[in-house]
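This is what each chain is made of:
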Amino acid sequence: GVGKSLVLGSLAANFPWPENVRVYAWNTYVRDDSKKFRMLSVILERLSDCGCNLLIIENLKPSDHEFVKMVNELIQQIVNGKKRLIIFYVFNLNWMRDEHFVVEQSEFLMKSLPVDHVISFNPFTKAELRECVHREMILEKVHLIPEDLEEIIETIDVTHSGCKNVNAKVLMYGIRR
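The following paragraphs examine the structure supplied in this document. (Residues numbered from 1 in each chain as written. Predicted model: local features only at pLDDT ≥ 70, side-chain atom pairs only at ≥ 80, totals over all residues. Heavy atoms only, no water.)

1. Considerations on the pattern of salt bridges
Part 1 of the argument: Evaluated as defined, the whole model comprises two salt bridges.
Part 2 of the argument: With a shortest N-O distance of 3.9 Å, Lys83 and Asp49 are connected by a salt bridge. Separated by 34 residues along the polypeptide, Lys83 in the loop between helix H3 (65-78) and strand S3 (84-91) and Asp49 in the loop between helix H2 (33-45) and strand S2 (52-60) bring together distant segments of the chain.
Part 3 of the argument: In this structure, the salt-bridge partner of Glu150 is Arg130, at a minimum N-O distance of 3.0 Å. Of this pair, Glu150 sits in helix H6 (residues 146-155) while Arg130 is found in helix H5 (residues 126-140), placing the two residues 20 residues apart along the sequence.
Part 4 of the argument: Using a relative accessible area of 31% as the deciding quantity, one classes Arg130 as partly exposed. (Salt bridge = Lys/Arg side-chain N within 4 Å of Asp/Glu carboxyl O. Helix = DSSP H or I, 4+ residues; strand = E, 2+ residues; numbered from the N terminus. Buried < 20%, exposed > 50% of the residue type's maximum accessible area, 1.4 Å probe, protein only.)

Quick look at the structure:
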């Protein structure tokens, strides 16, 4: 993939206070956004007073940009400067759409988010997905017929999983060499 999960995993694994690392997937399937905020407030209330805390909120869509301000306000209410917290908001842009639209989304997010730093990763397009499938085919020593290759490429939602589901699909469709 583009390395987003690798970077976040490395941050979490090398954080000086590993017991203070919390990860929340914003795309968690709950009935409404108020339940997401309740779940997040439970996480915030359990932050440690000792050392520093790391909170990663991942799988945000560009349309979720307003939630960042609301989450920051929730943090101010609950944490209120009494605990040290580093927070990462991870947005997934859909690079399978029109490139101009995605550039506009990216620029909009950069301007509208109340954050200190923005780290942009390279886009994950169908070309990268195709390379990922070929890499997995080589690693697993399998061959795919063209129809199955296209089926894999069309059915993987890279905005949510990157290359993570590719191996399972290659094994499912692949023919041993």
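2. Some points on the packing of aromatic side chains
Part 1 of the argument: Under the definition given, this model contains five aromatic pairs.
Part 2 of the argument: Taking 5.5 Å as the distance between ring centres and 80° as the angle between the ring planes, the aromatic pair formed by Trp26 and Phe37 counts as edge-to-face. In this pair, Trp26 sits in the loop between strand S1 (21-25) and H2 while Phe37 sits in helix H2, placing the two residues 11 residues apart along the sequence. In terms of burial, Trp26 and Phe37 fall into one category: buried.
Part 3 of the argument: On the basis of an interplanar angle of 45° and a centroid distance of 5.3 Å, the ring pair of Trp26 and Phe67 is categorised as tilted. Taken together, the residues Trp26 in the loop between S1 and H2 and Phe67 in helix H3 connect sequence positions 41 residues apart. Across this residue pair, the class does not change: Trp26 and Phe67 are buried. (Phe/Tyr/Trp six-rings, centres within 6.5 Å; stacked < 30°, edge-to-face > 60°.)

3. Some thoughts on the packing of H2 against H3
How two helices pack is summed up by the angle between their axes together with the distance between the axes.
Part 1 of the argument: For the pair H2 and H3, the least separation of the axes is 10 Å and the interaxial angle reads 40°. It follows that H2 is oblique to H3 by the angle criterion. Of the two possible hands of crossing, H2 and H3 adopt the one that is right-handed. Only Phe67, Met70, Val71, Leu74, Ile75 and Ile78 of H3 make contact with H2, whose side of the interface consists of Asp33, Phe37, Leu40, Ser41, Leu44 and Glu45.
Part 2 of the argument: Its residues assigned to classes, the contact of H2 with H3 comprises nine nonpolar, one polar and two charged. (Axes fitted to C-alpha atoms, helices over the stretch in contact; angles between N-to-C directions. Parallel < 35°, antiparallel > 145°, perpendicular 65-115°, else oblique. Left-handed = near helix turned anticlockwise from the far one by under 90°. Contact = heavy atoms within 4.5 Å. Nonpolar A, V, L, I, M, F, W, Y, C, P; charged D, E, K, R; others polar.)

4. Some details on the pairing of S3
Part 1 of the argument: The pairing of S2 with S3 spans seven bridges and is parallel. Pairing of Cys52 across the sheet is with Arg84, part of S3.
Part 2 of the argument: Running through H3, the crossover from S2 to the neighbouring parallel element S3 is right-handed. (Pairing = 2+ DSSP bridges. Right-handed = clockwise from strand over helix to strand, strands pointing away.)

5. Describing the pairing of S2
Part 1 of the argument: Judged by how many residues are buried, S2 sits mostly within the fold: eight of nine residues are covered.
Part 2 of the argument: For S1 and S2, the ladder comprises five bridges, and the chain directions are parallel. Bridged to Val23 within S2 is Ile56.

6. Thoughts on unusual backbone geometry
Backbone geometry follows two general trends: most residues other than glycine have a negative phi, and most peptide bonds adopt the trans configuration.
Part 1 of the argument: Residue Asn59 is not a glycine yet carries a positive backbone phi of 65°.
Part 2 of the argument: Within the element layout of this structure, Asn59 appears in strand S2.
Part 3 of the argument: One non-glycine residue, Lys141, lies in the positive phi region at around 55°.
Part 4 of the argument: Along the chain, the position of Lys141 falls in the loop between H5 and strand S4 (142-143).
Part 5 of the argument: Overall, the relative accessible area of 57% leaves Lys141 in the exposed class.

7. Notes on the environment of Lys169
Part 1 of the argument: Looking at the element boundaries, Lys169 is found in helix H8 (residues 166-173).
Part 2 of the argument: For the pair Lys169 and Thr155, spaced 14 residues apart in sequence, the C-alpha separation works out to 9.6 Å.
Part 3 of the argument: Not counting chain neighbours up to four residues away, the residues in contact with Lys169 comprise Ile152, Thr155, Ile156 and Gly174.

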